[in-house]
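Secondary and tertiary structure notes
The primary structure of each chain is shown beneath.
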Amino acid sequence: MAISPRRSRWFRRIALLAMCFCCGPCLLAGAAHGASVIVVKAGRLFDPASGGMRERPVVVVRGNKIDSVSYGSAPPVSGAKLIDLGDATLLPGFIDAHTHLTMNAGGGGYESLGSSTPRAALIGAKNARLTLLAGFTTVRNLGAQGYADVALRDAINDGDVIGPRMQVSGPPLGITGGHCDNNLLPFEFHYSADGVADGPEAIMHRVREVIKYGADVVKFCASGGVFSKDDNPLLEQYSPQEMTVLIAEAHRLGRKVATHAHSAISIKDAVRAGVDSIEHGIFLDQEGIELMKEHHTFLVPTSYPLFWFEEHESQMNLPPWVIEKAAIIIPAAKKNMANAFRNGVRVALGTDAGVYPHGLNGGEFWSMVTLGLTPVQALQAGTSNAAELMGWSNRVGTVRPGLFADMVAVKGDPLADVRLLQHVQFVMKNGVIYKDEISAGHAEAQQ
Ligand SMILES: [Zn+2]
């Protein structure tokens, strides 16, 4: 989403006001907000392109864009504010390619029916702030009640609420009775979810409809899932023919397509039909891995919930069908994700936050490393790879002149301890500092 200069000005004013409530050190960093130029210095900078660290970066931010990146001692910039992050590690703002900002954890049961679309949008406002402060400056929201995610994206772009820059899908497409429908109510209620569409003609109409109402990306459900009642993650839902029509229509209208796919057959049929990313990929087998590599399809493994569930399932008040399915899914997913990582499938980071609490998104770096990615590969998945999947490599995902000034920092070396990424201490998005627990007391004007 492009942000007009007028909106950008308002965004900065409101972000400055809102920032004043977030934490003490922000107040000090807030002194930098009025300046059009900010110089950020740190101990090292993670470069996703090379996969390495560069020492002593000096990043000049002009307005909402990165103006220059140099290393070592740089000449002072006239009129600029200096943010000195000491020996901290500076990184591109993180990207979450699979989140559900308009959902709170613990959904899936009958209580979920009592929440309206306006309520979902307000839940989204809360979770957008938590996600941004966890260092995720860009997200792809895959599946929302009504168009609550469209409203949230627009409110963030207008500066009404604080949050990451967003791509959104609106309601996910799915078959009648499938994972993207809602099977909680009996027949006499005649209820089906907003994205339900069966057969090529209805699917083409639904793709056009979600785009009409604001979808940047199209999501569909190729298989059953964990949180849905009375469907089976081991089976395929859309037929190969339906997937082909869906994906072709979305691509024709300039939208990428993400699919929820658990079963091996649904993964393979979606890849053959040209899908851009497989979400979850729980039962991904060797043939599926080879197909994904051949088609350059991204895997968004959403692995942190697997670990989080194991520790917290009993406190979540989950319906019995979720608990039954999770017992089958979790061990299979861990084994198959590790195999996919070993075999070099391209990975973009996605958290599925919303099935567990928002703001814990950084745990996905740790869980992907636990399943076999190197810390560098995990960081690439959460920066440059996710940007590429979203078609936003010329906007975000690396710290490079001309891109949006989205940066985060942590104390210490995250390549030595990937858990540091779960405690981000500096967050800048669009040239605005939302969190600074490092430079407080060190910010000063350059001559
Ligand atoms: Zn999801």
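Below, the structure is looked at part by part. The numbers attached to residues start from 1 for each chain and follow its sequence in the written order. Side-chain atom pairs in this predicted model are given and counted only at pLDDT of 80 or more, local residue features only at pLDDT of at least 70, and totals for whole chains, interfaces and linings cover all residues. Where side-chain values are given, they derive from all heavy atoms of the structure, hydrogens and water being excluded.

**Quick notes on the layout of surface pockets**
What counts here: Grid points spaced at 1 Å over the protein atoms alone were grouped into cavities, where a 1.4 Å probe fits but cannot get out, and pockets, open sets with protein on both sides within 12 Å along at least five of seven lines, with lining residues defined by an atom within 4 Å of a point. Grid points are joined across faces, edges and corners, and a volume is the space filled by probe spheres set on the points. A helix here means a DSSP run of H or I that spans at least four residues, while a strand means a run of E at least two residues long, and both kinds are numbered starting from the N terminus. All residues other than Ala, Val, Leu, Ile, Met, Phe, Trp, Tyr, Cys, Pro, Asp, Glu, Lys and Arg, Gly among them, are scored as polar; the first ten of these are nonpolar and the last four charged.
By volume, the second largest pocket is sized at about 190 Å³. As for the second largest pocket, its lining consists of 16 residues, and the residues nearest its centre are Pro 48, Ala 49, Gly 397, Thr 398 and Arg 400. Only β2 (44-47) and α12 (375-390) provide two or more residues apiece to the lining of the second largest pocket. Per-class residue counts for the lining of the second largest pocket are eight nonpolar, four polar and four charged.

**A short note on the coordination of the zinc ion**
Quick note on the threshold: Counted as donors are the N, O and S atoms within 2.8 Å of the metal, or 3.2 Å for Na, K and Ca, while water is not among the atoms, so some sites may look incomplete. Classification of residues uses two cut-offs on accessible area relative to the type maximum, computed with a 1.4 Å probe and protein chains only: under 20% is buried, over 50% is exposed, and between them is partly exposed.
Bound to the zinc ion on the protein side are His 98 (NE2), His 100 (NE2) and Asp 352 (OD), at distances that span 2.1 Å. Linear spacing of the donor residues for the zinc ion on their chain is H-x1-H-x251-D. For His 100, a relative accessible area of 7% translates into the label buried.

**Quick word on the packing of aromatic side chains**
Which entries qualify depends on this criterion: Pairing of aromatic rings covers Phe, Tyr and Trp, the last counted by its six-membered ring, and requires centre-to-centre distances within 6.5 Å; plane angles under 30 degrees mean stacked, over 60 mean edge-to-face, and any other angle means tilted.
Under the criterion given, the structure shown has nine aromatic pairs. When the ring of Tyr 304 is compared with that of Tyr 356, the centres are 5.4 Å apart and the planes differ by 75°; the resulting orientation is edge-to-face. Residue Tyr 304 is found in helix α9 (residues 304-312), and its partner Tyr 356 is found in the loop between α10 (320-342) and α11 (363-370); the two are separated by 52 residues along the sequence. In terms of burial, Tyr 304 and Tyr 356 fall into one category: buried.

**Some thoughts on helix α8 (residues 286-295)**
Spacing of three or four residues puts side chains on the same side of an α-helix, whose turn is 3.6 residues. Threshold: By arc we mean the arc of the directions from the helix axis to the C-beta atoms, nothing more. Contacts are assigned to residue pairs that have any heavy atoms within 4.5 Å of one another.
Within α8 the residues assigned to the buried category are Gly 288, Ile 289, Leu 291 and Met 292. The buried residues of α8 occupy an angular sector of 165° when the element is viewed end-on, so they sit on one face. Here the buried face of α8 lies against α7 (264-272), β13 (277-280), β14 (298-300) and α10. In the stretch just after α8, His 296 is the one whose phi turns positive, near 55°.

**Regarding the pattern of salt bridges**
So the rule is basically this: Each reported salt bridge corresponds to a side-chain nitrogen of Lys or Arg within 4 Å of a carboxyl oxygen of Asp or Glu.
Across all of its chains, the model carries 15 salt bridges by this definition. Taking the shortest distance from any N to any O, the salt bridge between Glu 249 and Arg 252 comes out at 3.0 Å. Here Glu 249 pairs with Arg 252, and both are found in helix α6 (residues 240-252), just three residues apart, close to one helical turn. Here Glu 249 falls in the buried class, since its relative accessible area comes to 4%. The shortest N-O distance in the salt bridge between Asp 285 and Lys 268 comes to 2.7 Å. Of this pair, Asp 285 sits in the loop between β13 and α8 while Lys 268 sits in helix α7; the two residues are 17 residues apart in sequence, bridging distant segments of the chain. For Asp 285, a relative accessible area of 26% gives the class partly exposed. Residue classification places Lys 268 among the buried residues on the basis of a relative accessible area of 9%.

**Some thoughts on the state of the cysteines**
By definition, a disulfide links the sulfur atoms of two cysteine residues through a covalent bond. This is how the line gets drawn: The disulfide criterion used throughout: a pair of cysteine sulfur atoms within 2.5 Å.
Scanning the model with the defined rule gives one disulfide in all. There is a disulfide in this structure between Cys 180 and Cys 221, and the S-S distance comes to 1.8 Å. In this pair, Cys 180 is assigned in the loop between β10 (165-168) and α5 (199-212) and Cys 221 in strand β11 (residues 217-221), connecting sequence segments 41 residues apart. The pair Cys 180 / Cys 221 is uniform in exposure class, with both members buried.

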